[in-house]
Amino acid sequence: MFKAANLADGAFVEDSSALEDYRVVQKTLQGISENWREQPSLEELAHSVGLQPIQLQRVFSRWAGITPKQFLQAITIDHARGLLQDSASILEASLEVGLSGPARLHDLFVTHEAMTPGDYKRRGAGVKINWGFHPCPFGLVLLMVTERGLAGLAFADAGEEAKALSDMCERWPAAEFEENQQLTAPYVSRIFEPNKWKEDQPLRVVFIGTDFEIRVWQTLLKIPMGKATTYSEIASNLGNPKASRAVGTAVGKNPLSFVVPCHRVLGAKGNMCGYHWGITRKRAILGWEAGVSGVLDGLAATG
């Protein structure tokens, strides 16, 4: 059974440089999010985080692969609405042919399986879950791994590690939990480094949830990078147009954040609705994906 770990005793080693970069980016994102209508300049953003414009430009570009100005353009409400203009039809077509996008399988090349309904009803009894915290482009990431594959991914800001760990462990209260950074560490680069997203080396994940939740999560896997959809569109594609609220609940319970892209689900009017790990982080992920998808598209065009 899970016993609370003392995370202050060096349970994981932070990459201070990577975390400081994210803190700068996080504060910059907050400024953009609160003032996007004014389209703040690079100088204004740099002043708000105590850096020179050229310093912020370098940190932000290294982190996201795009400049603060490009990021600002990518995450405005108008951009979100633009995503929705054709995403519904793309999702519908993807579902019909069993693919996640017109040209390629799910961007992380995920292969998934589900625990049996009995496993879920037993609340994880008999399942051993190894966990570990690691730095990633979006702060700290908590990875939870079973012998069958990745079962959980959550985010945390510094000082909130225990809260994130408790939140994830409560999902499977009867499971056995053990800290094992050596086992979870290889997943970090596999998930967050696009050059390691290989079709012939799929990332194996395991779903632990109800039948309906798993159907919703499987649908999320079919939303292409750089696109978005709505709760109502997902409900319609599941054959129950009136189930938007139930879909929203299932999306909120997604235990595999980022890998199962619940961040690509927007409100009916394209608004940035709730995200379990924070709206700022949701905007960060969407902006990061906007930069990455542009790079991948460029490589595909020249390949």
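Reading the values: rules and limits
Residues numbered from 1 in each chain as written. Predicted model: local features only at pLDDT ≥ 70, side-chain atom pairs only at ≥ 80, totals over all residues. Heavy atoms only, no water. Helix = DSSP H or I, 4+ residues; strand = E, 2+ residues; numbered from the N terminus. Buried < 20%, exposed > 50% of the residue type's maximum accessible area, 1.4 Å probe, protein only. Contact = heavy atoms within 4.5 Å. Phe/Tyr/Trp six-rings, centres within 6.5 Å; stacked < 30°, edge-to-face > 60°. Arc of directions from axis to C-beta. Core = buried A, V, L, I, M, F, W, Y, C linked by side-chain atoms within 4.5 Å. pLDDT = per-residue confidence, 0-100. Axes fitted to C-alpha atoms, helices over the stretch in contact; angles between N-to-C directions. Parallel < 35°, antiparallel > 145°, perpendicular 65-115°, else oblique. Salt bridge = Lys/Arg side-chain N within 4 Å of Asp/Glu carboxyl O.

### Topic: the overall build of the protein chain
Helix and strand counts for the protein chain come out as 12 helices and eight strands. Per-residue burial over the protein chain gives 50% buried out of 303 residues. Counting contacts in the protein chain only where the partners sit at least 6 residues apart, residues at least 24 apart contribute 71% of the total.

### Focus on the packing of aromatic side chains
The tally for this structure, following the rule as stated, stands at nine aromatic pairs. Summarising the aromatic geometry, the rings of W131 and F133 are spaced 6.1 Å apart at their centres and angled 80 degrees between planes, so their arrangement reads as edge-to-face. Taking the relative accessible area as the measure of exposure, W131 reaches 2% and is therefore buried. By relative accessible area, F133 is classed as buried at 1%. Seen in terms of ring centroids, F138 and W288 are 5.7 Å apart; in terms of plane orientation they differ by 80 degrees. Their pairing is edge-to-face.

### Examining helix α11 (residues 244-252)
Of the residues making up α11, those classed as buried are V247, A250 and V251. The buried residues of α11 all sit within an arc of 100 degrees when viewed along its axis, so they share a single face. Next to the buried residues of α11 lie α9 (211-220) and α10 (231-237).

### Notes on the nonpolar core
Grouped together as the largest cluster of nonpolar side chains are 78 residues, with contacts concentrated most on F138, M144, L150, F155, I191 and F192. Residues in contact with F155, not counting those within four places in the same chain, are C136, F138, L140, V141, A164, F192, S257, F258, Y275, W277, R281 and I285.

### Some thoughts on unusual backbone geometry
Excluding glycine, residues mostly have negative phi values, and the peptide bonds linking residues are mostly trans. For F258, which is not glycine, the phi torsion reads 75 degrees and is therefore positive. Within the secondary structure, F258 sits in the loop between α11 and β8 (265-266).

### A word on the confidence of the model for the protein chain
Of all residues in the protein chain, 74% have pLDDT values of 70 or greater, and the mean over the chain is 77. Per-residue pLDDT stays below 50 along residues 97-106; that stretch engages in 19 contacts with residues further than four places along the chain or on separate chains. For residues 295-303, every residue scores under 50 in pLDDT, and the model assigns this stretch two contacts once sequence neighbours within four places are set aside.

### Details of helix α7 (residues 161-169)
Within α7, the full set of buried residues consists of E161, A164, L165, M168 and C169. For α7, the arc enclosing every buried residue in end-on projection is 130 degrees, short of the 170-degree limit, so these residues lie on one face. Buried-residue contacts for α7 involve β2 (128-136), β3 (139-146), β4 (149-156) and β5 (176-179).

### Quick look at the packing of α9 against α11
Close contact between α9 and α11 brings their axes to 9 Å; oriented N to C, the two are set at 80 degrees. The orientation of α9 with respect to α11, classified from their angle, is roughly perpendicular. When α9 is examined against α11, the residues F212, E213, V216, W217 and L220 are found in contact with a partner set consisting of A246, V247, A250 and V251.

### So, the environment of G287
Structurally, G287 is set in helix α12 (residues 279-302). It is 9.8 Å that separates the C-alpha atoms of G287 and L29, two residues lying 258 residues apart in sequence.

### Overview of the side chain of E213
Locating E213 in the fold gives a position in helix α9. A relative accessible area of 7% places E213 in the buried class.

### Some thoughts on the pattern of salt bridges
Tallying each qualifying case throughout the model produces six salt bridges. Two residues, K128 and E178, come together in a salt bridge whose shortest N-O distance is 3.1 Å. Remark: E178 occurs in strand β5 and K128 occurs in strand β2; sequence separation between them is 50 residues. Look at K128 and you get partly exposed, because its relative accessible area is 37%.

### Here we look at the environment of A154
Structurally, A154 can be placed in strand β4. With near-sequence residues (within four places) excluded, A154 lies in contact with L140, V141, L142, M168 and W277.

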